Every structure is written in structure tokens, then in C-alpha cells.
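Residues per chain are reported as follows:
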Amino acid sequence: MTELPNRLLKISACAAALLAMVGCGDGSGSQKAREGVWAAGSSTVFPFVTRVAETYGRLNDIGGQPRVEALGTGGGIQAFCSGIGPSTPDIANASRQMKASEFDRCVANGVTDIVELKVGYDGIVVATARTGATLNLRLQDFYLGLGKQVPDASGKFIANPATRWNEVNPALPNQRIQVYGPPPTSGTRDAFLELGMAPGGERIAAVAALKGDKERFEALTHTIREDQLWIDTGENDNAIVQTLTRTPGSLGVFGFSFLEQNMDTVKAETIDGVAPSVEAIANGSYPLARSLYIYVKKQHIGVTPGLHEFIMEFMSDGAAGRGGYLQDRGLIPLMPDELAAERTKATNLTGMSRPQ
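Residues numbered from 1 in each chain as written. Predicted model: local features only at pLDDT ≥ 70, side-chain atom pairs only at ≥ 80, totals over all residues. Heavy atoms only, no water.

Student: Can you walk me through the overall build of the protein in this structure?
Tutor: The number of helices and strands found in the protein is 16 helices and 13 strands. Its C-alpha atoms give the protein a radius of gyration of 23 Å, near enough to 21 Å, the size a compact globule of 356 residues would have. Structurally, the protein occupies a C-alpha span of about 85 × 40 × 35 Å along its principal axes. Out of the 356 residues in the protein, the part that is buried amounts to 52%. (Helix = DSSP H or I, 4+ residues; strand = E, 2+ residues; numbered from the N terminus. Rg over C-alpha atoms; globule rule 2.2 N^0.38 Å. Buried < 20%, exposed > 50% of the residue type's maximum accessible area, 1.4 Å probe, protein only.)

Student: Even after reading the chapter, I still don't get the pairing of strand β2 (residues 67-70), so can you show me in this structure?
Tutor: Looking at chain direction, strand β1 (residues 38-41) and β2 are connected through 4 bridges and run parallel. Looking across to β2, one finds that Gly 41 is bridged to Ala 70. Handedness of the crossover joining β1 and β2 through helix α2 (residues 46-59) is recorded here as right-handed. (Pairing = 2+ DSSP bridges. Right-handed = clockwise from strand over helix to strand, strands pointing away.)

Student: Teacher, can you tell me more about helix α9 (residues 214-221) here?
Tutor: For α9, every residue scored as buried is listed here: Phe 217, Leu 220 and Thr 221. The arc that holds the buried residues of α9, viewed along the axis, is 85 degrees, so those residues lie on one side. Contacts made by the buried residues of α9 are with α5 (139-146), β6 (149-151), β7 (157-159), α7 (187-202) and α8 (205-208). (Arc of directions from axis to C-beta. Contact = heavy atoms within 4.5 Å.)

Student: I would appreciate a short explanation of the state of the cysteines in the present structure.
Tutor: By definition, a disulfide links the sulfur atoms of two cysteines through a covalent bond. This model, assessed by the stated rule, comprises 1 disulfide. Put simply, Cys 81 and Cys 106 are joined by a disulfide, and their sulfur atoms are 1.9 Å apart. Negative torsions about the S-S bond denote left-handed disulfides, and the value of about -70 degrees found for Cys 81 with Cys 106 makes this one left-handed. With Cys 81 in the loop between α3 (73-80) and β3 (91-94) and Cys 106 in helix α4 (residues 100-108), this pair connects stretches of sequence that are 25 residues apart. Looking at Cys 106, the relative accessible area reads 0%, which means it is buried. (Disulfide = S-S within 2.5 Å.)

Student: Is there a simple way to explain the nonpolar core in this structure?
Tutor: The tendency in soluble globular proteins is for nonpolar side chains to be buried side by side. Phe 192 and Phe 254 are the most contacted members of the largest nonpolar core, which totals 72 residues. Broken down by element, the residue count for this core peaks at 8 residues, all from strand β4 (residues 114-129). (Core = buried A, V, L, I, M, F, W, Y, C linked by side-chain atoms within 4.5 Å.)

Student: Is there a simple way to think about unusual backbone geometry in this case?
Tutor: The general pattern is negative phi for most residues beyond glycine and trans for most peptide bonds. The backbone phi angle of Asp 272 is positive, close to 55 degrees, even though this residue is not glycine. Residue placement: Asp 272 occurs in the loop between β12 (270-271) and α12 (278-282). The phi dihedral of Leu 349 is positive, around 55 degrees, even though this residue is not glycine. In this structure, Leu 349 sits in the segment after α16 (336-348).

Student: What's the story with the packing of aromatic side chains in this structure? I'm lost.
Tutor: Ring pairs (aromatic) are described by centroid distance and by the angle formed between their planes. Per the counting criterion, the structure on display carries 4 aromatic pairs. Relative to Phe 310, the ring of Tyr 56 has its centre 5.6 Å away and its plane inclined at 70 degrees; by these criteria the two rings are edge-to-face. Of the two residues, Tyr 56 is situated in helix α2 and Phe 310 in helix α13 (residues 307-314); the sequence distance between them amounts to 254 residues. Here the two residues Tyr 56 and Phe 310 agree in accessibility, since each one is buried. Here a set of aromatic residues connected by ring pairs shows up, and it is made of Phe 142, Phe 192 and Trp 230. The lysine or arginine in question, Arg 216, covers the ring of Phe 157, its NZ or CZ lying 5.3 Å from the ring centre. (Phe/Tyr/Trp six-rings, centres within 6.5 Å; stacked < 30°, edge-to-face > 60°. Lys NZ or Arg CZ within 6 Å of the ring centre and 35° of its normal.)

Student: What is the right way to look at a negative patch on the surface in this model?
Tutor: Together, Glu 194, Asp 213, Glu 215 and Glu 218 line one region of the surface with negative charge. Assignment of secondary structure puts Glu 215 in helix α9. A residue is classified by how much of its surface remains accessible, and Glu 215, at 68% relative accessible area, is exposed. (Patch = residues over 30% accessible without salt bridge, like charges linked within 9 Å, V, L, I, M, F, W, Y side chains within 5 Å. Areas by Shrake-Rupley, 256 points an atom, 1.4 Å probe, with all protein chains shown as cover. Salt bridge = Lys/Arg side-chain N within 4 Å of Asp/Glu carboxyl O. Lys, Arg positive; Asp, Glu negative; His and termini not counted. Charge placed at Lys NZ, Arg CZ, Asp CG, Glu CD.)

Student: Would you explain the side chain of Asp 122 in this entry?
Tutor: Among the secondary structure elements, Asp 122 is positioned in strand β4. Within the local environment of Asp 122, its side chain forms a polar contact with the backbone nitrogen of Phe 256, the two atoms lying 3.2 Å apart. For Asp 122, the contacting residues outside a window of four places in its chain are Thr 44, Gly 255, Phe 256, Ser 257, Ile 281, Leu 288, Ala 289, Arg 290 and Leu 292. (Polar contact = N/O pair within 3.5 Å; in protein donor to acceptor, adjacent residues only side chain to side chain.)

Following this line, the structure appears as C-alpha cells:
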């Protein structure tokens, strides 16, 4: 058989890429290629991606208007990892890093080239209405107040009996434990468990003694009580903020950017004596500081119109840099050298390795 001319080979490759986008998803081959960039995931990252989408839409005529959805980090990554093609997002927004199990699911479904980009920082705040009592919380107060099982005086683990904060810590007020927070699909919830509950558990001798048994330790420190003293409130952090003003004495767990937007109605509690601030989150002194990410499906680059241009706008100094428009929206920027490194990854579309 004679070899195809180079031009025909290029056309054939482009056709194959287009067919992959059109045919993947439900296997019917009836889907049409999508015009606009589609990003889905974290409610914390949602306002930042939305702001980039607005700017991108004004400055570019490549593809349609970007689509941004708040599904929670877990929900966004699940949709992202479900396959390639127009029925799946191009970008997953995440308020934590992708887990190894999620990466494996991506690979199993054909999503084999993923670019991980750290876009900035955020802090998880524990807040109350401005009219509420001030709680100076310690990390161990989270585990002792919200863990499903806690040790009794003999070191035996029992169902959490505490119903008031002063039972957890005598220095706290005689106030009912009532905390509104994100559901299990949320990256904010995952980060709260990793940064608040687990380190708090380590300060309790009976829990710390189990660190060698990773499965048992994580079961204790990553399981929140289910007796309605912690109330899941969906993926909308604004809904938690509004609930605090209607429920005196309650606490809410949400991202720092939402605190900044609602300082007239809610206030943040200190954690280990440190109040959340841009400086404390950026330098890591605030215990519940975290990084924010987007994950890009490299197999959609060159197929979804404008996808590479969109992520380059996101990683630009004017957007994610210090003094950029995302800082005005509440994002805590990366240090300049960090942002430069992430921008290089975005430029070169450097693929990520499997998380450990």
C-alpha cells in the first residue's frame, strides 16, 4: 500500500481528533463538537473561574462563551474523569489536589493527559454572625466537638457526647454546638478534615497513638458526627453565610473569599490564636490555609476552541498575579516565582504525575 501524503495524514489526524470529541461520552457518535470552554467543580474556585470567563469572553472571539458550573470539587473531578469528548468538562476546578483514586479513574476512562495548575491560595474560615460570641478555637476543639467518635477518660472510643462548646473546652462559651458546613463532595470539606480535624486529633493522646494504623486514624479524624450538630448545607458557601445571620450562636465553615465579601454580617474565629488574613494565609501561619487548583484535559487542547487561550488568561499577571483582577474577587495570589512556574506549566502543557 502506498503511503498517504503528509497533507492527508494531517487531515486524517484532525478528523480522528474531531471524531473523538464528537463520539466520546455516550458512544452514540451523535453529539456535536462543543464551541465554548466548560469548567466544573469547586464552589470556592467558581467565582474566580467565572471572572476569568467574563474577561475572556470580552477579549476573545475564539469559541463560544465559557460555561462554569459549581458541582463541588468531588463532583467536578468525577465529571472531568468520566471520559473525553464534548459531554465532559475541559477543566475541573478544585479546592484540594486530585486524589490518586480520582487520577486512576481518569486514566481508566481514557483521560490520560492532565495538566495540574495551582492558581492561588485560600483559607477555610470558621465564622459566626457579627453579633455572636467570640470563640478562640484550637485545632483539637474541631475533633473533640465534631468527630463522630472521641475517647472517654479511659481512652475508649465512644459516640461523641458533647453538645455544648464548653464541654469540649472549658475556655469556650456555654453555647450549643451547631455547625453549618459543606457536604462530602466538597473540596472545602476535604480540606477541613485534612487541615483541621486530623491535626486536632493528633493532639489527643489516644488518637495520636493510632497514627501507625493509617486506616483507623483516618476513620476517626475524617468522620464527622451525624447527629445534626454538623449540618450539610450544599455546595453554596453563600447559603452558609446567610444561615449564620438567621441562626444566632451557630458556626459556619467556608472559604476566606466569602468572608471578605460578607464582613458586614459575619466574623471569623481565630484558630490557635491566628486570625485568617491575606498575609497569614499566604505565609502559611494560618492553620487552615490551602492551595486552589484547576485541572485541564490536555486531550481537549486544539479541539475545544480557545481552551489553551483560556487557561493562559487565567495564569496571566493581570488575572492571577498580585494586584490582578482575581485578587479583587478574593483570591490570594501565588508568590511571583510560583506563578511564573505555574504559567510555564500552562504554556508547555506539562502533564501531571499520579498523586501519591
